[in-house]
Structures are given as C-alpha cells and as structure tokens.
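Spelled out, the chains give:
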Amino acid sequence: MVGILYVDPHISHEAVRYPTKMAANGMEEDFDDGEQPEITTISDPHLRMGISARWGAGNQLAVHAALHPPQEGVTSGIRESPRVHEVRWGTQEVNNPIIRKLINETHGTFVALQHHQPDTTSTTSNRKPQLSNFSRKYRSVIRACLMQLKQAEEAARDDVTAEEYGLQVEIYSMVELIWSLCEILFVESLPGGVVLAQLLDWVKWHFNEADGYAREATTSDTPHLHDSYWSAIYLYVLQGRGDEARKLLSLDPTRSMDVYDEYASIDELLRKMPFFTLYTGQSLAEFDMKWRHWQDECRRRYSEGEFNTNKNLETICRILCGDEDVFLELKDLTETWYRMLVSKLLYCNPTVKAFDLQYHVKACIDAYDGHATLGPLDNILLAAIEFDLHQVIKESSSLLGNWWFVAHLADLLFQCGQLESHSLNYGSNLREFLLLDYASSLMSHPSLWQVGASYLDYCPEFGRYYLEFYLERLPLQTEQKALKVLRECEKRDMKDISHSICKVMGVRALRNERLGSALSWALRSKDASFATFLADRFLSEYSSKGGFSSLDLLDNLGTAMVLSDRLTFLGKYREFHRLHEEWEFKSAANLLLQLLTNRMAPKKFWLTLLTDALPLLESEEVIFSTQQTYELMNCLEDISLSFRSSAYLHGDQPGDAQLKPTKGQQEVEKQKLDLIRLALARNLARAILSEGSLE
Amino acid sequence: MFVARSISAEHKDLIHDVSYDFHGRRMATCSSDQTIKVWDLTDDGEWQCTASWKTHSGSVWKVTWAHPEFGQVLASCSFDRTAAVWEEVVGESLASTQRGQSHWVKRANLVDSRTSVTDVKFGPKHMGLQLATCSADGVVRIYEAPDVMNLSQWSLQHEINTKLSCSCLSWNPSRLHLPMLAVGSDDTNPSAGGKVQIYEYNDNIRKWQKVETLMAITDAVHHISFAPNLGRSYHLLAIATKDVRIITLRCLRKEPNAGANPGGMSKFEIRQAAQFDEHSSQVWRVSWNITGTVLASSGDDGCVRLWKANYLDNWKCISVLRGDGSVTNAGGSSTGGNQLGLTNTGGNFGGSRGFKQGGSGQSSMWY
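These figures come from a predicted structure and were not determined experimentally.

A. The sheet that holds strand 14 (residues 166–171) of chain B, seen in detail. Residue and element names in this part refer to chain B. The strand order across the open sheet formed by 4 strands is 14-15-16-17, and the pairing between neighbours is antiparallel. With one partner strand each, in any of the chains shown, strand 14 and strand 17 (207–213) form the two edges of the open sheet. Sheet twist, expressed as the average angle between the axes of neighbouring strands with direction ignored, equals 25°. As judged from the 6 bridges shared by strand 16 (residues 196–202) and strand 17, these two strands associate in the antiparallel manner. Along strand 17, the bridge assignment pairs Gln197 with Thr213.

B. Quick peek at the domain arrangement of chain B. Residue and element names in this part refer to chain B. Examined at the domain level, chain B breaks down into domain 1 (13–90 + 102–161) and domain 2 (162–194 + 219–354). Each partner contributes residues to the interface: domain 1 has 24 residues there, and domain 2 has 17 residues. Our count for the domain 1 to domain 2 interface comes out at 9 residue pairs in polar contact (both at pLDDT 80 or more). The greatest single-element share of the side of domain 1 that touches domain 2, amounting to 6 residues, is contributed by strand 11 (residues 130–135). Among the residues making up the side of domain 1 that touches domain 2, the classes are represented as 11 nonpolar, 9 polar and 4 charged.

C. Spatial organisation of the confidence of the model for chain A. In this model, chain A carries a mean pLDDT of 83, and residues with pLDDT of at least 70 account for 87%. Note that residues 651–657 of chain A has pLDDT below 50 and, in this model, 9 contacts with residues that lie over four places away or in other chains.

D. Seen up close, the UniProt feature "repeat: WD" (unreviewed entry) in chain B. Residues and elements named next belong to chain B. As recorded in UniProt, the sites labelled "repeat: WD" (unreviewed entry) are residues 8–41 and 276–308. Spanning residues 8–41, this segment combines 0% helix with 59% strand, and its end C-alpha atoms are found 14 Å apart. Structurally, residues 276–308 comprises 0% helix and 58% strand, and the distance from its first C-alpha atom to its last is 12 Å.

E. Here's a closer look at the environment of B:Val244. Residues and elements named next belong to chain B. Along the chain, Val244 falls in strand 20 (residues 244–251). Residue Val244 is classed as buried on the basis of its relative accessible area of 0%. Taking the C-alpha atoms as reference, Val244 lies 27 Å from Leu176; in sequence the two are 68 residues apart. Every residue in contact with Val244, bar those within four places of it in the chain, is listed here: Ile239, Ala274, Gln275, Phe276, His279, Val283, Val286, Leu295, Ser297 and Trp307.

F. Looking closely at the side chain of A:Glu541. Mapped onto the elements, A:Glu541 comes out in helix 26 (residues 528–545). Discounting chain neighbours no more than four positions away, the residues touching A:Glu541 are A:Leu515, A:Gly546, A:Gly547, A:Phe548 and A:Ser549.

G. View of the pairing of strand 23 (residues 294–299) of chain B. All names here are of chain B. Counted residue by residue, strand 23 has 6 buried out of 6 residues, so it is predominantly covered. Neither face of strand 23 is exposed, since Val294, Ala296 and Ser298 on one face and Leu295, Ser297 and Gly299 on the opposite face are all buried. The antiparallel hairpin formed by strand 22 (residues 283–288) and strand 23 contains 5 residues in its connecting segment, where Gly292 sits at a positive phi of about 70°. As judged from the 5 bridges shared by strand 23 and strand 24 (residues 303–309), these two strands associate in the antiparallel manner. Following the sheet pairing, Leu295 is matched in strand 24 by Trp307.

H. Seen up close, the sheet that holds strand 4 (residues 35–41) of chain B. Residues and elements named next belong to chain B. The 4 strands lie next to each other as 2-3-4-5, forming an open sheet whose pairing is antiparallel. Each end of this open sheet is capped by a strand with a single partner; those strands are strand 2 (15–20) and strand 5 (47–54). The sheet shows a mean angle of 20° between the axes of neighbouring strands, taken without regard to direction. Alignment of strand 2 against strand 3 (residues 26–31), held across 5 bridges, turns out to be antiparallel. Bridging from a neighbouring strand, Val18 pairs with Thr29 of strand 3.

I. Broad picture of the packing of aromatic side chains. All names here are of chain A. The tally for this structure, following the rule as stated, stands at 35 aromatic pairs over all chains. Ring geometry for Tyr438 versus Tyr455: centroids 5.0 Å apart, planes at 85°, classification edge-to-face. You can see Tyr438 sitting in helix 20 (residues 427–443) and its partner Tyr455 sitting in helix 21 (residues 449–456), a full 17 residues away along the chain. Across the pair, exposure class does not vary: Tyr438 and Tyr455 are buried alike. Three or more aromatic residues link up through ring pairs in this structure, and these residues are Tyr542, Phe548, Phe569, Tyr573, Phe576 and Phe605. The ring of Phe469 is capped by Arg473, whose NZ or CZ atom sits 3.7 Å from the centre of that ring.

Each value, and the rule that gives it
- Residues numbered from 1 in each chain as written.
- Chains lettered and ligands numbered in written order.
- Predicted model: local features only at pLDDT ≥ 70, side-chain atom pairs only at ≥ 80, totals over all residues.
- Heavy atoms only, no water.
- Pairing = 2+ DSSP bridges.
- Helix = DSSP H or I, 4+ residues; strand = E, 2+ residues; numbered from the N terminus.
- Axes fitted to C-alpha atoms, helices over the stretch in contact; angles between N-to-C directions.
- Domains from an automatic or database assignment.
- Contact = heavy atoms within 4.5 Å.
- Polar contact = N/O pair within 3.5 Å; in protein donor to acceptor, adjacent residues only side chain to side chain.
- Nonpolar A, V, L, I, M, F, W, Y, C, P; charged D, E, K, R; others polar.
- pLDDT = per-residue confidence, 0-100.
- UniProt positions renumbered as here; feature names shortened; annotations may be inferred.
- Buried < 20%, exposed > 50% of the residue type's maximum accessible area, 1.4 Å probe, protein only.
- Phe/Tyr/Trp six-rings, centres within 6.5 Å; stacked < 30°, edge-to-face > 60°.
- Lys NZ or Arg CZ within 6 Å of the ring centre and 35° of its normal.

What follows is the structure in structure tokens.
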C-alpha cells in the first residue's frame with residue numbers, strides 16, 4: 001500500500017485555534033497567538049548558579065554556568081570541572097543523505113526557474129504552463145525522495161533509525177499533499193477556473209485506499225461478501241472512478257439477469273456520467289447541460305424506486321444524485337473534510353470555481369466536528385482553499401519545521417505572481433526572507449555551502465551581504481578548500497573577500513615558516529604591502545642563511561614581480577644568482593649593476609650586492625667594463641659615506657631598528673668594503689688594459 | 001534545539017567567557033582560575049584543548065579573538081587591572097608541541113588601568129589592529145598596533161572618560177560607518193543617567209566623541225552587543241540590563257564635509273525595537289548569531305532565550321534553554337513593552353511546532 005497519508009495523531013488531537021481570518025486588505029490584526037517557545041533542558045547541576053550563552057559559527061551556542069555578577073574572590077565552590085555545552089539550533093535533516101539529494105536536485109530546478117524567460121509578449125496564461133512544469137519537477141523530486149525515505153524506513157536496522165525515517169516520511173507526505181494542492185490552486189492555469197478534475201486527481205493520487213479494499217475483496221473467494229467490497233465501490237464512486245466501480249460491481253453473482261436488472265441500470269448511469277475534461281473543446285455550458293440531463297436521469301430512477309431492493313445500489317445512486325445526506329453517512333470512508341469536499345462537489349457542484357471552493361468548506365468541516373478539531377495540516381489546506389497564501393506559508397513553517405519547503409514554495413508562488421497579488425507589497429521580502437533562512441541553513445554545512453551560495457545569488461536585497469559574510473567565514477582547513485572558496489568569490493567579483501581569504505592563508509603559511517606559500521597567496525590577491533613584507537623576509541633569510549627557499553616560485557615570478565618594488569628587486573636579485581650559476585657572467589654583471597644604479601636595491605642590501613660582485617671582479621676574464629667599474633665605485637663610495645650615517649646604522653626604516661649592526665659586524669663590514677675597493681681598483685686596471693688593447 | 005555535546009572544560013572555577021574565532025573552529029575559555037584555555041575542533045568534530053596557561057593574577061573576565069588576517073591572536077582582561085595580547089607561536093616550544101599542544105606568547109601587557117579591566121574587544125578588521133578596553137573606573141582605552149606584522153608594539157591612542165563605572169563595550173562592526181563604540185555601565189544609581197553611551201571617532205579632530213547617551217536605560221547594564229550588519233540600513237544594538245532591549249540606531253545624515261563642519265558629529269534616530277522582560281530578573285549576557293538575525297539572552301531566571309524577528313521586524317521568543325535544576329516558567333508571551341508605539345508581537349507568525357519532531361532539533365521557525 002502506497003500513498004496513504006496518515007495524519008499524525010498529535011496533530012488531530014491537539015486543539016489548535018482556527019486562525020483569525022485576515023482582514024480584506026491583508027493586514028493582520030495584531031494579536032498574540034499564545035504559542036509557546038520550544039524549551040530545551042540541559043543536564044548540568046552547575047547551571048543552577050547562573051547561565052550564560054554565546055553564539056558560535058552557524059547555528060550553535062556555547063552554554064556554560066556562570067556566577068552573576070562576576071566578582072573577584074567569590075568562588076563558586078564547584079568540585080567538578082565546569083562544562084561547556086554546545087547546543088545546536090536548526091535542522092539536522094541536512095545530514096540525511098536522502099534529504100541532501102533532494103536539496104541538490106531541487107537546486108537545479110530552482111536555478112532554472114530563476115532564469116526562465118516569461119514570454120513578455122504573451123499574457124499570463126502563456127507563462128503559466130511553464131511554471132507548472134517547474135512545479136511538477138519539484139513535485140517529482142519530492143515524490144522520489146518520499147519513496148526513498150519509505151524504503152529506508154523499511155530497511156532500517158533499528159527502531160531509532162526507522163522512527164527517524166518514519167518522521168521524515170510523514171513530513172514529506174504532507175509536503176507533497178500541500179504542494180500539489182497549491183499547484184492546482186495557484187500555479188496551474190485552469191480555463192474558467194474550474195478545478196474539480198484537478199482536485200479529483202489530487203485526491204486519487206494521495207488517497208488510494210479504494211485500491212487496497214478492492215484488492216482485499218477480489219483476492220478473497222467470495223468478493224461480494226467481503227467486508228471491503230462495498231467500501232471499495234463507494235470510494236471509487238466518491239472519487240469519480242466509475243470504471244473501477246463498474247468492474248467491481250460486475251463481480252456480484254447475486255445479480256439477477258432475468259428479473260429487472262438494477263445492476264445494469266446503475267452500470268449505465270456510471271458509464272454515462274459526463275466529465276468536464278480540459279482540451280476536449282467542450283464548453284462549460286455544454287457540459288453543464290449534459291450533466292443536468294444525466295443527474296435528472298439518476299434522480300428519476302431513484303425516485304421511481306429502481307433500487308429499493310438493494311440498499312447498496314441505492315446508496316450509489318444517492319451519491320450520483322448528489323444527495324447531501326449520503327456524504328455524511330459515508331464520512332468514515334472519506335476520512336477528512338477535504339476529501340469529503342471534493343466528493344461532494346463532484347456530484348453537487350461539478351463546475352465549481354477555485355475561488356468559490358471556500359464557500360463549500362464549512363459544511364464538510366462541521367461534518368467532522370467543526371473547526372475546533374482542525375489540526376495544523378487541515379489549517380494549511382484550508383488556508384490554501386481560502387487563497388490565504390500567507391497563512392499557508394506561516395502554518396507550513398511551523399508545522400514542518402522545514403526551510404526547504406517554505407522557501408521553494410514561496411519562490412514558486414512569487415514567480416507565478418501570486419505573492420504580489422495576494423500578500424501585499426512585501427511579497428518579495430517574504431520570499432527573500434525565507435530563502436535567506438534556507439540558504440543560511442546550508443551555508444554552515446560542510447558540503448552544501450556552494451548550494452547555499454547559489455540561493456543567495458537570487459536574493460536581490462540582502463543576498464550579496466549574506467554571501468560575503470558567509471564566504472569570508474567558511475573554515476579554510478586546507479588550501480584546496482581556500483581555492484574553492486576563492487573561485488566562488490572571483491565568480492562574483494568579491495575582491496575584498498578574496499583579499500581577506502588570501503591574507504588569512506598567507507599569514508597562516510608565514511606562521512608555519514612557509515614563505516613561498518605565503519608569497520604565492522600575496523601574489524594571488526595582489527597584496528603589495530604583504531608582498532613587500534615577505535620579500536624582505538626572503539632577503540633577510542638569504543642574508544642569514546646564504547640561500548633562497550622556494551626557488552621554483554622565485555624563478556617564475558614573471559610579471560607578478562612588479563607588484564611591489566621590493567618584490568621586483570627580490571626577483572631580479574634571484575635572477576642574478578641564476579645567471580651566475582649558469583655561467584652567464586656578463587649578463588649577471590649587467591643585472592647587478594642595474595640593480596644598484598637604478599636604486600632598486602634597498603640601501604642596506606648594497607653591501608651584499610657589492611660582495612656578490614667580488615667573484616665577477618676576480619674572474620679571469622674581464623667582465624665589468626671601465627664605465628661599469630666606475631659606477632660600482634660610485635656605489636661603494638655612497639655606502640662608505642652612509643656607513644657612518646645613522647640611516648645606515650639603524651636601517652632604512654624605524655622598524656628595522658633591531659637590524660642595527662653590532663660592533664663586530666661593523667668591523668666585518670669595514671673589511672668587506674676594503675676588499676671590494678681593492679677588487680674594483682684591480683678590475684679597473686684590467687678593464688682599461690683590455691679595452692685599450694682592443695682598439 | 002538539542003545539546004550536541006558537553007565538554008568538560010577542566011577549569012578550576014566557573015567560566016566567565018567563551019569566545020569563538022572567526023571561522024568557528026577554535027574556542028577560547030577563561031575563568032576565575034586565572035587561566036585561558038584554547039580548544040580546537042578536530043577533524044572528527046570534537047573539541048580538543050590545545051593550550052592552557054595562566055594569564056593573569058586575578059579572575060579573567062573576557063577573552064576575545066582578533067581577525068585571522070592578523071594571525072592567531074587573543075586578548076584577555078582581568079581583575080588584575082591589565083589586559084593582555086597573546087599570540088600563538090608555532091614550533092618554538094618543542095616539548096609542548098609533541099603532545100598536540102600549542103604555545104601562546106604574551107605580546108603585550110596593557111597596564112594603563114588603575115582598576116579591574118572589565119571588557120576587551122578587537123576593533124573591526126577594516127580599522128587595522130585596534131583594541132578597546134574598559135574598566136571599572138570608567139575609562140575606555142583604545143590601543144593600536146601600527147605595524148600589524150609586529151604584535152609587540154601597542155600604543156595607547158585614546159582615553160575616554162565615561163564618568164561611570166564601565167562593565168562592557170561593543171564595536172560597531174559596520175564598515176560603512178565611522179568607527180563607533182557602545183559602552184555600558186553597571187552603575188546601579190538610576191539618577192546617574194543613561195547607562196549606555198555611544199562614541200564615534202571623528203577623523204577631522206582625531207578624537208572619540210560621545211554622540212549619544214541612551215537615556216531610556218537607567219538601570220545597570222551588564223552586557224551590550226552590536227549585531228553584525230548584513231545590508232541593513234540601520235545599526236542594531238542589544239542590551240542586557242534588567243530586561244532585554246533591542247535598539248536601532250539610524251544615521252540621520254552623512255558626516256558633513258570636513259571643511260564646513262570639522263567637529264561635526266553624526267546624528268541618530270534611536271528607536272527601541274523590542275523590550276522583553278520574560279527573564280523577569282537581571283539579564284547578564286546578550287549574543288547575536290553570526291548573521292545578526294537571532295539574539296540569545298541569558299538571565300538570572302536560569303534561562304537562555306532566543307529572539308528572532310520576522311520579515312516585518314517583529315521580535316519574538318522562539319526557543320528557551322535552561323538547566324535541569326532550575327524552575328522556570330518558560331511560557332509567557334511577550335509583553336510587547338514598547339514606548340514608541342511600535343508593535344512588538346505583530347502578526348500571528350507561529351514559532352512553535354505543530355507536532356513533536358522526535359527531539360531531532362527541528363527548530364522553531366519564525367518567519
């Protein structure tokens with residue numbers, strides 16, 4: 001048996017006040033609904049002293065015992081360790097793989113719906129078929145999800161799991177029921193607003209006990225004597241399923257062909273029952289005439305007493321005649337007011353318009369003990385029939401505790417233009433409000449945040465703020481995760497957020513002494529000041545260790561090095577080393593000279609550069625020309641002079657004060673200068689000689 | 001709501017403050033036992049204590065994280081009249097790193113206060129690395145680390161004398177507004193005036209100026225908190241006093257151009273969005289969720305209450321947390337106390353659930 005919807009006993013027994021109708025303009029009366037907040041208890045004796053709570057990331061709170069007011073010297077006297085309780089708020093169901101599938105699959109439909117192009121040249125009736133396609137897509141995903149949940153419930157190994165799945169089955173059964181009713185009333189385009197055919201399908205789809213009864217009866221030896229035999233037939237008739245009813249009726253062997261065949265009579269009536277079907281070209285007036293004609297025939301046969309001898313057939317005939325009392329008699333079969341409503345309308349008012357449904361509701365509700373016994377699900381369906389969308393969404397959110405449903409439903413209704421026409425000018429706000437909540441519930445999930453981000457893209461007012469906020473706060477456990485988040489930022493051109501993420505990653509790498517990685521993060525976000533800081537770190541690492549780390553990165557800086565002067569210098573300086581290693585002495589010498597003469601090198605680094613020139617000056621071949629040697633000598637004089645100045649002694653910037661050379665270092669530096677001076681002089685002599693001999 | 005896990009904090013006395021880092025994967029706790037503990041979320045989702053050290057020579061009142069752009073940095077304040085800045089260092093202490101423990105180094109000791117330092121908060125990231133403290137003698141101090149790569153240099157930039165014993169402060173996180181601080185006082189004398197003061201930094205005269213005093217709040221204030229601003233056109237401030245208040249501050253005019261009015265201050269339209277006395281006793285802590293849509297308040301009735309606004313900005317209690325030992329009347333509707341004639345519990349937007357969700361933590365939804 002599938003598709004039978006059991007209404008949770010909690011719902012039907014709970015007295016829920018029938019909601020006050022909204023005033024005509026949709027503004028509600030201000031009143032306290034008296035609903036109580038949910039209460040959660042934490043087991044911790046310390047909490048008797050006082051309580052304190054702090055929000056964490058996502059929907060979680062840290063709760064701990066606290067003494068108020070906090071005072072020094074007043075000890076709590078606790079013996080055991082104090083505890084921190086992590087309390088979660090929000091749906092757990094996203095952790096269910098089946099629900100996750102639902103979330104992922106409906107995401108695609110949602111995005112497609114946002115991009116659907118309403119044909120502006122056409123009227124609303126033309127865009128509606130498209131929208132009902134979307135609605136059906138959603139519904140098919142719900143149905144698939146429901147089936148999987150049912151399978152999971154049956155396959156569950158333990159009671160707890162089974163109960164959990166059972167609960168989800170219950171929720172999504174309701175979701176499906178509400179969704180399909182809303183689809184009929186708000187999304188589908190119905191010529192002339194005649195809804196009955198759709199409502200019949202709705203009832204058939206969701207409530208098919210009749211098939212179960214029929215199966216029970218037909219599989220028994222004597223179907224016509226089985227308890228379920230007539231129940232099945234009545235239900236078929238009530239749901240307008242004439243053919244199935246006739247098939248069952250034909251199984252009754254007590255039928256006497258020789259005398260007057262009342263079976264044949266009812267069979268004929270059932271067979272001839274007219275249906276108003278869409279797209280047959282039949283006009284409503286035409287159908288109405290046919291219907292009256294047919295029902296007159298039913299009434300005639302009933303009043304002539306054709307079925308007097310067979311109470312069961314008489315009941316069927318009374319249904320066909322639209323006799324109000326018979327629906328009351330059969331109320332145990334229809335079970336709920338809305339099913340009775342549909343059956344009754346079928347025979348009493350088959351051309352009822354959607355907007356008029358609400359006027360037929362009261363009698364049916366009274367048949368089931370009135371408004372006072374309505375449960376939340378009843379209230380939602382009732383609100384839908386009353387075209388009170390607001391109430392539908394409100395009640396659904398409290399009944400289902402499910403962001404998915406209300407967010408998608410509100411969005412679909414918004415796309416249909418229903419939210420504006422029915423719920424005032426804040427229709428789009430309501431949609432956005434619900435979407436923000438839904439997206440927020442996904443953003444704190446480790447694998448669904450990208451889906452959440454996509455929903456936020458479609459919240460025009462606050463979406464981007466939320467998204468920036470969430471993206472910046474996503475935990476960046478690994479570089480891959482960081483890159484993934486960065487891609488999302490880049491897609492949306494969120495420069496500040498990418499910058500911040502790169503900085504966080506860069507600082508983290510720096511703290512772990514991974515200079516190369518830090519630099520690549522700085523390059524990624526074009527963070528000039530951080531790049532300068534890191535270039536300095538590379539240079540001081542070279543000065544202290546005599547080598548560079550992360551050669552791969554430094555050798556391939558390319559145009560990225562123009563980000564900061566210091567970085568350019570670092571890149572060029574490394575290039576000098578590479579040329580030197582590759583025996584490209586001439587090019588290396590040119591580059592070195594360039595670094596010194598165009599003032600790219602920081603002053604404090606000049607000595608190092610000149611020292612680097614020593615091997616080139618001392619090589620067998622003359623590398624520096626006379627002109628170049630003069631320039632090097634100039635630089636040497638420059639630092640010899642500044643050697644005595646405070647700027648050199650205390651570094652270029654005030655922050656470099658700690659780099660101030662010690663006495664010993666100064667001595668070493670002085671020796672170095674002398675050495676360089678000597679080498680320069682010798683090179684000059686050699687260069688003059690070689691240049692002279694060339695001429 | 002449901003309790004996901006309970007951690008034994010191993011402090012020797014009650015905890016005064018818990019603080020999550022920017023990403024929510026690290027947590028710091030502080031206690032009367034003069035220590036701070038840092039907890040890290042492991043890959044399997046458990047909190048593991050990775051550091052515990054004695055920080056002060058008195059109760060540690062508050063602990064707070066800096067933005068991760070500045071590294072792993074904490075600030076704490078204490079009864080011992082100091083505030084301190086701590087940085088986690090990697091690989092300096094081999095002995096401790098072996099056990100998955102990290103090492104925290106004191107980078108700064110801020111000793112300017114002559115009384116207990118009651119609150120400490122890092123400024124919003126866009127202002128660089130700033131730190132505000134307030135103390136029992138009524139002085140708010142703003143410190144700054146001019147070089148964000150060097151956490152050991154802090155300079156005292158400003159001192160504001162509020163003339164009232166300070167219990168708490170909160171930075172306005174908004175990037176669009178001038179730097180703004182709200183300071184609360186626990187002075188119990190109602191005739192001493194409004195207990196929440198709002199200060200704003202004036203760039204032209206390079207000074208913090210008092211722009212507002214919330215005269216409606218004359219009882220002792222224990223905690224205040226600006227909500228994160230995700231696109232709202234106004235600022236939202238929650239106040240824990242003898243009840244819970246939610247105040248909106250709407251900037252009436254942009255800062256006038258510098259030349260015409262160098263001392264100009266922003267003007268605000270201040271409204272009370274909500275006032276809740278369900279705690280029916282002193283409220284000690286208010287805390288916003290990260291999007292500033294749900295407020296948690298903790299009161300002397302032993303309850304934590306969660307408040308959420310629907311899309312019409314009507315606030316309502318959606319959930320209550322309490323210890324199993326306390327006797328509490330959790331019910332009660334909002335009194336809608338509101339002096340501005342605004343409706344408080346407008347709309348019948350039910351927050352309670354129609355049926356039990358098997359304790360699975362399905363939240364009350366309030367839209």
